[in-house]
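For reference, the chains in residue letters:
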Amino acid sequence: MTMSRTWTIDEASADLPSLLEAARTSSQYIVVPDGKFEVSFRETGNRSLDAILDKDGALKPSDIGDP
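Trainee: I'd like to hear about the environment of L20, residue by residue, with values.
Mentor: Tracing the backbone through its elements, the reader meets L20 in helix α2 (residues 16-23). Each C-alpha atom of the pair L20 and F41 lies 8.0 Å from the other, and the pair is 21 residues apart in sequence.

Trainee: So what about α2? Which residues, and what values?
Mentor: Residues three or four positions apart in an α-helix share a direction because the helix packs 3.6 residues into each turn. Taken residue by residue, α2 has L19, A22 and A23 as its buried positions. For α2, the arc enclosing every buried residue in end-on projection is 100°, short of the 170-degree limit, so these residues lie on one face. Exposed residues pointing more than 90 degrees away from the buried face of α2 are listed as P17 and E21. The secondary structure elements touched by the buried residues of α2 are β1 (5-8), α1 (9-14), β2 (28-32) and β3 (35-39).

Trainee: Outline the side chain of S27, listing residues and values.
Mentor: Residue position: S27 is located in the loop between α2 and β2. Residue class for S27 comes out buried when judged on its relative accessible area of 18%. At a separation of 2.8 Å, a polar atom in the side chain of S27 contacts the side chain of E38.

Trainee: So what about the packing of aromatic side chains? Which residues, and what values?
Mentor: On inspection of all chains with the given rule, the structure shows zero aromatic pairs. In this arrangement the basic side chain of R5 is found over the ring face of W7, its NZ or CZ atom lying 3.8 Å from the centre.

Trainee: Run through the nonpolar core, naming residues and quoting values.
Mentor: Grouped together as the largest cluster of nonpolar side chains are six residues: W7, A12, L19, A23, I30 and V39. Those residues in contact with A12, other than ones at most four positions away along the chain, are W7, L19 and I30.

Trainee: Quick rundown of the sheet that holds β3? Include the residues and the values.
Mentor: Spatially, β1-β2-β3 is the arrangement adopted by the three strands of the open sheet, whose pairing is mixed. Two strands bound the open sheet, and with one partner strand each, they are β1 and β3. With direction set aside, neighbouring strand axes in the sheet form an average angle of 30°. Here β1 pairs with β2 via four bridges, running parallel. Considered in β2, the bridge of R5 is made with Q28.

The rules we used
Residues numbered from 1 in each chain as written. Predicted model: local features only at pLDDT ≥ 70, side-chain atom pairs only at ≥ 80, totals over all residues. Heavy atoms only, no water. Helix = DSSP H or I, 4+ residues; strand = E, 2+ residues; numbered from the N terminus. Buried < 20%, exposed > 50% of the residue type's maximum accessible area, 1.4 Å probe, protein only. Arc of directions from axis to C-beta. Contact = heavy atoms within 4.5 Å. Polar contact = N/O pair within 3.5 Å; in protein donor to acceptor, adjacent residues only side chain to side chain. Phe/Tyr/Trp six-rings, centres within 6.5 Å; stacked < 30°, edge-to-face > 60°. Lys NZ or Arg CZ within 6 Å of the ring centre and 35° of its normal. Core = buried A, V, L, I, M, F, W, Y, C linked by side-chain atoms within 4.5 Å. Pairing = 2+ DSSP bridges. Axes fitted to C-alpha atoms, helices over the stretch in contact; angles between N-to-C directions.

Dropping the structure here:
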């Protein structure tokens, strides 16, 4: 499992694919002069309508993703 890491802007720019891959498992941070950015990955969970409706029980807000 990849650990969180703090990147300089130059490191992040030079190796963006590694930054994004590392963010899949833990938040990564890019330090800039006035603060830092947090880069993280969130799976969108693209489920079909059939899969959602096949579940037992009432729909929950989490069953309906952002547009």
